[in-house]
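The lines below spell out each chain.
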Amino acid sequence: MLRTSAKAILLLLLLGLAPAAAAWNAAGHRLSAMIAWENLDPASRLVVTAILREHPDCDRWLARSKSGDPGQGAFVEASTWPDDIRRDRRFYTAGSEEPTPTLPGFPDMERRLDWHYVDRPLHAVANIGTPAGAIERQIDRLARAVGSPRATPAERAYALPWLIHLVADAHQPLHAASRYSADGRSDQGGNAVNVVNPFNSRYPETTLHRYWDDLPGPPWLRDSRLAAAVSGLSARYPAPRRATTAAQWLDESWRLARDHAYPPGGDEVPTISPDFHQQALEIANRRVTEAGYRLAALLRTLLASGGAPGANAPEQPAPRSVSRETRGSGH
């Protein structure tokens, strides 16, 4: 018992020195965004390119992207923006920092950490109140803004990167669920669960949430390697054929979290086994790909109708023309 406790304390110290986890890492978000882009029709691509051009940070995205297509480059790089602003001093975290001055093109400068997830309990627990997190409500609201002909260019430009990002977040199992103790304490989507991961030499000791976030690939994945990964995922996983909503995406993620996201056994600091890792990789790859297809279907519907059908969209793919935050105040 003493040896196990010492190992747990050492792991906690090491985790304190590691960078904060994000919802799917940058690779996961770029993969979903690229899959979505490849499944958008030409007219929708023109519209999303025009929308993103109005965003105050579009020039930064284009400078960072090495794509020969500015529209594609902005779309893919915009997918990580809601996580990028966690380290951007222009923005602030409500409840722990003073508000920063509102800059042109932004409705405000809050990081909105609670938009990325919902802490739905995996098992019935009394007296937990309303679970933290607002991802479902925000996906629906942002979709209405992107699809509304009454929204201003600035409103649509702010909403679209968030929508791209949150559709992917909704497909990460631990962005839709948390384990609660008998006294009502949440494990914050696995952020409070420490694991040993022998399959990541850079971060062999991490949290369960970060383990899942990093499964799609290294965060620097871009260019030809990104394209090759997208090609492989698209060939392996066909587009869903059934219309679904954000609520259904989150329900799928909750079920995956309940059945597959937590390592078996009662170890204080479990070690990820080969079998668990292979199953988790399969789930993560499939979910990242589904998010891309579903984002494309949602955007095609929003932009074709000129209206605002929320997050309810058909999932038949158009012909191809070719990350949860660690708790400060969110996952």
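Each value, and the rule that gives it
Residues numbered from 1 in each chain as written. Predicted model: local features only at pLDDT ≥ 70, side-chain atom pairs only at ≥ 80, totals over all residues. Heavy atoms only, no water. Helix = DSSP H or I, 4+ residues; strand = E, 2+ residues; numbered from the N terminus. Buried < 20%, exposed > 50% of the residue type's maximum accessible area, 1.4 Å probe, protein only. Areas by Shrake-Rupley, 256 points an atom, 1.4 Å probe, with all protein chains shown as cover. Axes fitted to C-alpha atoms, helices over the stretch in contact; angles between N-to-C directions. Left-handed = near helix turned anticlockwise from the far one by under 90°. Contact = heavy atoms within 4.5 Å. Nonpolar A, V, L, I, M, F, W, Y, C, P; charged D, E, K, R; others polar. Expected span 1.5 Å × (residues − 1). Polar contact = N/O pair within 3.5 Å; in protein donor to acceptor, adjacent residues only side chain to side chain. Core = buried A, V, L, I, M, F, W, Y, C linked by side-chain atoms within 4.5 Å. Parallel < 35°, antiparallel > 145°, perpendicular 65-115°, else oblique. Salt bridge = Lys/Arg side-chain N within 4 Å of Asp/Glu carboxyl O.

**Some words on the overall build of the protein**
Here's step 1: A tally of regular secondary structure across the protein gives 12 helices and two strands.
Here's step 2: Its helices and strands taken in sequence order, the protein reads α-α-α-α-α-α-α-α-β-β-α-α-α-α from the N to the C terminus.
Here's step 3: Expressed as a percentage of its 331 residues, the buried residues of the protein come to 54%.
Here's step 4: When the accessible surface of the protein is split by element, carbon and sulfur atoms take 54% of a total near 14800 Å².

**Some words on the packing of helix H2 (residues 26-38) against helix H5 (residues 70-78)**
Each pair of packed helices gets described by two things: the angle between the helix axes and the distance between those axes.
Here's step 1: Here H2 crosses H5 at 145 degrees, and the two axes come no closer than 8 Å. Classified by chirality, the crossing of H5 by H2 is right-handed. For the pair H2 and H5, the contacting residues are Arg30, Ala33, Met34, Ala36 and Trp37 in the first and Gly71, Gln72, Phe75, Val76 and Glu77 in the second.
Here's step 2: Split by residue class, the contact of H2 with H5 holds six nonpolar, two polar and two charged.

**Side note on H2**
Within an α-helix, residues lying three or four positions from one another point in the same direction, as the helix has 3.6 residues per turn.
Here's step 1: An ideal rise of 1.5 Å per residue puts 18 Å on 13 residues; H2 measures up with 18 Å between its terminal C-alpha atoms.
Here's step 2: A large share of H2 lies buried, amounting to 13 of its 13 residues.
Here's step 3: Regarding H2, its N-cap is Asn25, as a side-chain oxygen of that residue lies 3.0 Å from the backbone nitrogen of Ala27 further along.

**Describing the nonpolar core**
Here's step 1: Counting 81 residues, the largest nonpolar core has Phe75, Leu163, Tyr211, Trp212 and Leu299 as its most contacted members.
Here's step 2: With 13 residues, the top contributor of residues to this core is helix H12 (residues 274-305).
Here's step 3: The residues contacting Leu299, other than those within four sequence positions of it, are Leu40, Val48, Phe75, Val146, Leu160 and Leu163.

**Side note on unusual backbone geometry**
Apart from glycine, the bulk of residues carry a negative phi angle, and the bulk of peptide bonds sit in the trans form.
Here's step 1: Backbone geometry at Arg112 places phi at a positive 55 degrees, although glycine is not the residue there.
Here's step 2: Here Asp223, not a glycine, exhibits a phi torsion of approximately 60 degrees, which is positive.

**Focus: the side chain of Ser32**
Here's step 1: Assignment of secondary structure puts Ser32 in helix H2.
Here's step 2: Setting aside chain neighbours within four positions, we find Ser32 in contact with Ala168, Val288, Ala291 and Gly292.

**Concerning the packing of helix H3 (residues 42-53) against helix H8 (residues 153-169)**
Here's step 1: Direction vectors running N to C along H3 and H8 enclose 110 degrees, while the axes themselves pass 8 Å from each other. As judged from the angle between their axes, H3 and H8 are roughly perpendicular. In the crossing of H3 with H8, the sense of the turn from one axis to the other is left-handed. Where H3 approaches H8, its residues Val47, Val48, Ile51 and Leu52 are matched on the opposing element by Arg156, Ala157, Leu160 and Pro161.
Here's step 2: Partitioned by chemical class, the residues of the contact of H3 with H8 number seven nonpolar, no polar and one charged.

**Quick look at H8**
Here's step 1: The first and last C-alpha atoms of H8 sit 25 Å apart over 17 residues, in line with the 24 Å expected at 1.5 Å per residue.
Here's step 2: A large share of H8 lies buried, amounting to 14 of its 17 residues.

**Here we look at the pattern of salt bridges**
Here's step 1: Under the definition given, this model contains 22 salt bridges.
Here's step 2: A salt bridge links Arg64 to Asp84; its shortest N-O distance comes to 3.2 Å. You can see Arg64 sitting in helix H4 (residues 58-64) and its partner Asp84 sitting in helix H6 (residues 81-84), a full 20 residues away along the chain.
Here's step 3: A relative accessible area of 31% means that Arg64 is categorised as partly exposed.
Here's step 4: By relative accessible area, which is 21% here, Asp84 ends up partly exposed.
Here's step 5: Linking Arg120 and Asp251 is a salt bridge whose minimum nitrogen-to-oxygen distance equals 3.0 Å. Remark: Asp251 occurs in helix H11 (residues 246-261) and Arg120 occurs in the loop between H6 and helix H7 (135-147); sequence separation between them is 131 residues.
Here's step 6: Relative accessible area serves as the criterion here: at 24%, Asp251 is assigned to the partly exposed category.

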